[in-house]
Amino acid sequence: MKNHSSHFAGLDIGGTTVKAVLVNHLAEQAGPLAEVRSQVKDGYEATFSQLDLALDQLAAGAGISRSDIAGIGLDVPAPSSNGVIWGRANLGEDWVGTDICGKFAARTGIPVHMTNDGNAAALGEYALRRKHSGSLLLVAPGTGLGGGFVLPGGQCFEGANGLALEVGHISVPFREDDGELPACSCGLNGCLEAWVSLVALRRRLRLELAKSAWQSHPLNQDECPIEEKAFNLREFAERGDPLAVQIFKQQGFILGYSIADMVRTLDPGLVVIGGGLAETSFRDQFMSWISEGFADRAWPVYRTSPLDPDKVTTKFEWAVGGDAAAAIGMAYAAQELFG
Ligand SMILES: [Zn+2]
């Protein structure tokens, strides 16, 4: 029998902050969102102290006692399986190969489930669409490019080793002006993330600004580092700046082109585009560039039904959870698992 006083916490561990959400036994949010510093670079023990702080804040915010928290969902910006983080973690060294789930469960006396941040955000988008009953593919361009796939009913597909949906690192057939494939942060060349991410934006911007056509562009008169220029490029695109528009148009097209192959593999019915672009005023335009790329690569049946041309077979939507999506997803997952 369900215990109606039971609550479930979702803790999203990022590079700089931990975002935390509490839900009740009906998976409804209880109390406000909590946020603490993550301290991941200081190791997992230091981060556990911060997670404890977040749990205290959640309990206080919802007016419950810590002992009412019956399950915790945790997500990390790294591939993991069965509560253990695998290599290539963007975290401190001691996280890799450690039973994070087991150690945090022992510390808190509460069962813990863990996954990566892409899966968590996909679960969050699923949980927030209460009327959605099909599957959902999330593709989220940020600093890198993450993704997640939720099956009908709300279970996240993680693969045999927790390594599924590394959508940022599938290869795309696009080349630089010199004919080379761009290098990706993962060590491979020609990955989608090397075209569609903040990191990719910096590279493209640097290459474009070196061209004589953009010699008098305001960003070439500016002394600030390329990281800052790339970060400001959204504002330029919002004002219709031709260079910014050109770069984002290319990103949108390549993203849509690549999503066509993901859709060919998964046929999700719904593709949610996450990341910070969801908050920009040119997002409708960006979505139209995604559609162009998608139409270039997807067979017509992946766009509309051959039986009813008015029936869309692959819907595209912007993410609705903002940067709280992952925490919401993990609270929802904990309720599903431990409720
Ligand atoms: Zn890669």
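What you see is a predicted model; the values in this text were computed from it and never measured.

Trainee: I'm lost on the nonpolar core in this one. Help?
Mentor: Generally speaking, nonpolar side chains in soluble globular proteins are found buried as a group. Membership of the largest hydrophobic core comes to 94 residues, with the highest contact counts inside it found for Ala9, Leu11 and Ala331. Among the elements that line this core, the one with the most residues is helix α7 (residues 242-266), at 10 residues. Beyond its immediate sequence surroundings of up to four residues, Ala9 is in contact with Ala20, Leu22, Leu55, Leu58, Ile69, Ile72, Ala331 and Ala334.

Trainee: Got a minute to help me understand the packing of α7 against helix α8 (residues 283-297) in this structure?
Mentor: Geometry of a packed helix pair, given as the angle between the helix axes and the separation of the axes. Two numbers describe how α7 lies on α8: the axes approach to 6 Å, and their chain directions differ by 45°. Between α7 and α8, the crossing angle belongs to the class labelled oblique. Taken as a pair, α7 and α8 cross one another with a handedness that is right-handed. Judged by residue contacts, Phe248, Lys249, Gly252, Phe253, Ile254, Leu255, Gly256, Tyr257, Ile259, Ala260 and Asp261 of α7 engage Phe286, Trp289, Ile290, Ser291, Glu292, Gly293, Phe294, Asp296 and Arg297 from α8. Here the residues of the contact of α7 with α8 are counted per class, giving 11 nonpolar, four polar and five charged.

Trainee: I'm lost on helix α4 (residues 198-209) in this one. Help?
Mentor: Along an α-helix, residues three or four positions apart point the same way, because every turn accommodates 3.6 residues. Helix length check: α4 (12 residues) gives 16 Å between terminal C-alpha atoms against 16 Å at 1.5 Å per residue, within 8%. Every buried residue belonging to α4 is among Val199, Ala200, Leu201, Arg204 and Leu205, and all of these are buried. In this structure, the buried side of α4 is in contact with α6 (226-238) and α7.

Trainee: I would appreciate a short explanation of the packing of helix α3 (residues 117-128) against helix α9 (residues 325-338) in the present structure.
Mentor: Orientation of α3 relative to α9, taken along the N-to-C sense of each, is 75°, at an axis distance of 6 Å. The angle between the axes of α3 and α9 places the two elements in the roughly perpendicular class. Where α3 approaches α9, its residues Asp117, Ala120, Ala121, Ala122, Leu123, Gly124, Glu125, Ala127 and Leu128 are matched on the opposing element by Ala325, Ala326, Ile328, Gly329, Met330, Tyr332 and Ala333. Counted by class, the contact of α3 with α9 contains 12 nonpolar, two polar and two charged residues.

So, how was this worked out
Residues numbered from 1 in each chain as written. Predicted model: local features only at pLDDT ≥ 70, side-chain atom pairs only at ≥ 80, totals over all residues. Core = buried A, V, L, I, M, F, W, Y, C linked by C-beta atoms within 7 Å. Buried ≥ 20, exposed ≤ 12 C-beta atoms within 10 Å, placed from the backbone. Helix = DSSP H or I, 4+ residues; strand = E, 2+ residues; numbered from the N terminus. Contact = placed C-beta atoms within 7 Å. Axes fitted to C-alpha atoms, helices over the stretch in contact; angles between N-to-C directions. Parallel < 35°, antiparallel > 145°, perpendicular 65-115°, else oblique. Left-handed = near helix turned anticlockwise from the far one by under 90°. Nonpolar A, V, L, I, M, F, W, Y, C, P; charged D, E, K, R; others polar. Expected span 1.5 Å × (residues − 1).

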